[in-house]
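Structure assessment
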Amino acid sequence: MLKEMLDNVREKAPLIHNITNYVTVNDCANILLACGGSPIMADDPEDAEEITGICGGLNINIGTLNQRTIPAMLAAGKKSNACGHPVLLDPVGAGASALRTQTANRLMKELKLAVIRGNISEIKTLALGAGTTKGVDADVADTVSEDTLTQTVTFAKEFAGKTGSIIVITGAIDIVADAQVAFAVRNGHSMMSRITGSGCMLSAMMTAYVTANPEDPLKACLAATCAMGLCGEKAFNRLTNHEGTAAFRSHLIDEIYQLDGETLERGAAHELR
Amino acid sequence: MLKEMLDNVREKAPLIHNITNYVTVNDCANILLACGGSPIMADDPEDAEEITGICGGLNINIGTLNQRTIPAMLAAGKKSNACGHPVLLDPVGAGASALRTQTANRLMKELKLAVIRGNISEIKTLALGAGTTKGVDADVADTVSEDTLTQTVTFAKEFAGKTGSIIVITGAIDIVADAQVAFAVRNGHSMMSRITGSGCMLSAMMTAYVTANPEDPLKACLAATCAMGLCGEKAFNRLTNHEGTAAFRSHLIDEIYQLDGETLERGAAHELR
Amino acid sequence: MLKEMLDNVREKAPLIHNITNYVTVNDCANILLACGGSPIMADDPEDAEEITGICGGLNINIGTLNQRTIPAMLAAGKKSNACGHPVLLDPVGAGASALRTQTANRLMKELKLAVIRGNISEIKTLALGAGTTKGVDADVADTVSEDTLTQTVTFAKEFAGKTGSIIVITGAIDIVADAQVAFAVRNGHSMMSRITGSGCMLSAMMTAYVTANPEDPLKACLAATCAMGLCGEKAFNRLTNHEGTAAFRSHLIDEIYQLDGETLERGAAHELR
């Protein structure tokens, strides 16, 4: 079943509009190409709306947001909603500053979001109005572990119900939930947190998966989450003695490029919660 | 003869000002260094004009353009024209949005462009006032193939005659043309379209080639086109079983760094049309 | 003694706010993660000040500065000063344009800078009010060699005395100086100048070192300088026949990730001047 999700991305090659931060934007473009999608970036308010119109999906990432890109996010999001295209929000650093928290809240309020994907601190900030985000990484106190899994799954389902969005919380264990159904994903490797952009890349790729699989967005999100985690494991296993995080990043994109549906199906470690 | 073009870049190490998108800007800087040039980026209107003054050539790329960078492109372009330095335009996404098409047209009208380099959809948009650009990639209907080569060469020469610019159309077959002479280039590998930045990198490198070879800009464009395509082939041939697009991108820059004039001369696959 | 500096970075994992150029920002984030720090980027005036407040140190890099980011640099710098956090200035291209020179001077005047790190042309511009910066690389006439070392050390100490900042001048020989003490560092490899971002990455990493070692910032700067140079040597030694600058960049970040205190202590080539 995850195989079909991946195959649809490769077959349909969805064009994804990304309004994203300038730190990891190149990685986002390359992971989209590697997974079978096609990226375009435009963040001028005048340009963004029209570019969204020719795309299949929209990925909004609020890292390095600024006064010029916020209206572009809103305009493109509304256009995407009007077209019936999926919009994903990656609330990078929500909770770390008022501008980020307020912008994420405004995007949630004014747009219909198909997916919200972040770490637990960011998602808690959006759900509870307050979080303990430390920079762009999840706060240790918030980490999703076996102990807190059940409670976090409940939280994710409730937030999905409240927002009408699929909620994806990534960390040591990932959670993919809508109001009724949740999956816990145990793919991934801790080295993914030692490179910049693991989360941003997943959001970009997930937008392609959701766009190419409109009939089952929850499964599309699950497939993208498993694919990224599995490729993180495979990238780590390929590291030689002298290699480090830069080689790991390169291997990760390579593995996404190489990944086929059978391998994903076999390697995906998810369970219904 | 292509050897001389490459040798001049390495000998003169031209300083190239790039006003370019934030997606592939790092790749543009690194390919310029790899080929023997030297990059500088500045896109604030106040800064761009002065920076252009200390450079030898200017590369304008309209990907992720915005209201702040458009005046910088115009100011830097005019300064570069006044200095008698070559200006290259890469009309990324012309045809995909009004802002991009209008900006490309305005740059063509207000600046003397030594070179315009894009895919066939972008160039058709500029030449015919309308195109079928799908995002930042060429539309399939537009692809330059053996069947359409003769007609596309004629089109390129006519557009070169009309604009006074060298026209470089890249794709499965590349065309490098001025009003009188055109070359078809059959170097390259399809994997170049699976990474972001192949086109942007070529534009940056081509600006260095044209800057270092003012007496023969057409041949300089031909040399840069062959060099990029040949290194794409060599990068692909170096891929091991597990490697994918990220390794390919790294190999491509490495091959440009390693390329010498004799290898370029031997491997270049161009013919006069 | 350098070992302790490195160990403190890994142990404390300082969160570093970077207001930096979009050319090498991804490399800066990845080198910070590789050395044991944690990066965050925010350059909107409204966002930057608050983000700085949750960080331990601030790295200001004026490459691709613009009218929007300059107020962010000032606001974040003042906030960082108020918090007693170290601020590092990397005056990229000072001397190459009035905007860059004036901005660097303004930052020096309005902020208390713990460290100023640049190439000799940039530092001379700041110290003497005029320089011969050619783009973003040091002018050949300015190069620090054995012949000019003594005189440049004196210059660096004097400028450190005048500014109250630690002065780090990087090049073929690096100088790390405060008003009383200076070190010359002979680590490094010329290939570091053939990739973009060597200097920017060092500035980002140095901010982490200074933040994690508040009791001895001069030694922290020395440790970061030796670490980067030593890893440049090690990255070069790992290059295979076919590899070039892209592989070198990747190896460099990998070596920073792999580096431990004992190796740094053993490989550091510094002398008191």
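Residues numbered from 1 in each chain as written. Chains lettered and ligands numbered in written order. Predicted model: local features only at pLDDT ≥ 70, side-chain atom pairs only at ≥ 80, totals over all residues. Heavy atoms only, no water.

A word on the interface of chain B and chain A. Each partner contributes to the interface: chain B provides 30 residues, whereas chain A provides 30 residues. With both chains or domains summed, chain B and chain A bury close to 2,500 Å², and 49% of this area falls on carbon and sulfur atoms. For the pair chain B and chain A, the number of links is one salt bridge. One salt bridge in this structure joins Arg-100 of chain B and Asp-47 of chain A, with 2.9 Å as the shortest N-O distance. Our count for the contact surface shared by chain B and chain A stands at 19 residue pairs in polar contact (both at pLDDT 80 or more). Among the secondary structure elements, those contributing two or more residues to the side of chain B that touches chain A are helix H5 (98–110) and helix H10 (245–258) of chain B. Residues of the side of chain B that touches chain A, tallied by class, amount to eleven nonpolar, twelve polar and seven charged. (Contact = heavy atoms within 4.5 Å. Buried area = accessible area lost by both parts, 1.4 Å probe. Salt bridge = Lys/Arg side-chain N within 4 Å of Asp/Glu carboxyl O. Polar contact = N/O pair within 3.5 Å; in protein donor to acceptor, adjacent residues only side chain to side chain. Helix = DSSP H or I, 4+ residues; strand = E, 2+ residues; numbered from the N terminus. Nonpolar A, V, L, I, M, F, W, Y, C, P; charged D, E, K, R; others polar.)

Along the chain, Arg-249 of chain B turns up in helix H10. Here Arg-249 of chain B falls in the buried class, since its relative accessible area comes to 10%. Excluding anything up to four places from it in sequence, Arg-249 of chain B contacts Asn-26 and Asn-30 of chain A together with Asp-27 and Ile-195 of chain B. (Buried < 20%, exposed > 50% of the residue type's maximum accessible area, 1.4 Å probe, protein only.)

A word on the relation of the copies chain B and chain A. Once turned by 120 degrees and shifted 0.0 Å along the axis, chain B lies on chain A with an RMSD of 0.0 Å. Here the transformation between the copies is reduced to the relation of a three-fold axis. Distance from the rotation axis, computed per C-alpha, reaches its smallest value in chain B at Tyr-22 of chain B: 3.6 Å. Interface overlap between copies is the fraction of interface residues in one copy that are interface residues in the other; for chain B against chain A it is only 3%, indicating separate surfaces. (Least-squares fit on C-alpha atoms with pLDDT ≥ 70 in both.)

Residue and element names in this part refer to chain A. The two faces of strand E7 (residues 174–177) match: Asp-174 and Val-176 on one face and Ile-175 and Ala-177 on the other face are all buried. Relative to E7, strand E6 (residues 166–169) runs antiparallel, the two being bridged by three bridges. When the sheet's bridge partners are listed, Val-168 is paired in E7 with Val-176. Here E6 hands over to E7 after four residues, the two strands then running antiparallel side by side. Two strands pair when backbone bridges link them, and E7 and strand E8 (residues 182–185) are joined in this way by four bridges, in the antiparallel orientation. When the sheet's bridge partners are listed, Val-176 is paired in E8 with Phe-183. Once E7 ends, the chain turns through four residues before running back antiparallel as E8. (Pairing = 2+ DSSP bridges.)

Before going further, it helps to spend a moment on the relation of the copies chain B and chain C. For the pair chain B and chain C, the best superposition has an RMSD of 0.0 Å and corresponds to a rotation of 120 degrees with a translation of 0.0 Å parallel to the axis. Here only 3% of the contact residues of chain B are again contact residues in chain C; the copies associate through non-equivalent surfaces.

It is worth spelling out the pattern of salt bridges at this point. A complete count under the given rule lists 39 salt bridges over all chains for this structure. A salt bridge links Lys-78 of chain C to Glu-110 of chain C, with the shortest nitrogen-to-oxygen separation between them at 3.0 Å. Taken as a pair, Lys-78 of chain C in helix H4 (residues 69–83) and Glu-110 of chain C in helix H5 (residues 98–110) lie far apart in primary sequence, 32 residues in all. What emerges from the salt-bridge pattern is a single network uniting Glu-146, Arg-186, Glu-271 and Arg-273 of chain A.

Moving on to helix H2 (residues 25–35) of chain C. For an α-helix, the turn length of 3.6 residues means that residues three or four places apart are oriented alike. Residues and elements named next belong to chain C. Within H2, eleven of the eleven residues are buried, which leaves it mostly tucked inside the rest of the structure. All of the buried residues along H2 are Val-25, Asn-26, Asp-27, Cys-28, Ala-29, Asn-30, Ile-31, Leu-32, Leu-33, Ala-34 and Cys-35. The first or second residue beyond H2 is Gly-36, which carries a positive phi of 115 degrees.

Quick look at helix H1 (residues 2–12) of chain A now. Residue and element names in this part refer to chain A. Among the residues of H1, those classed as buried are Leu-2, Met-5, Leu-6, Asn-8 and Val-9. Along the axis of H1, the buried positions cluster into a sector of 155 degrees, meaning they face one direction only. Structurally, H1 contributes buried residues whose contacts are with helix H2 (25–35), helix H8 (198–212), helix H9 (217–238), helix H11 (261–267) and strand E9 (270–272). Once H1 finishes, Ala-13 follows within two positions and takes phi at roughly 45 degrees, a positive value. (Arc of directions from axis to C-beta.)

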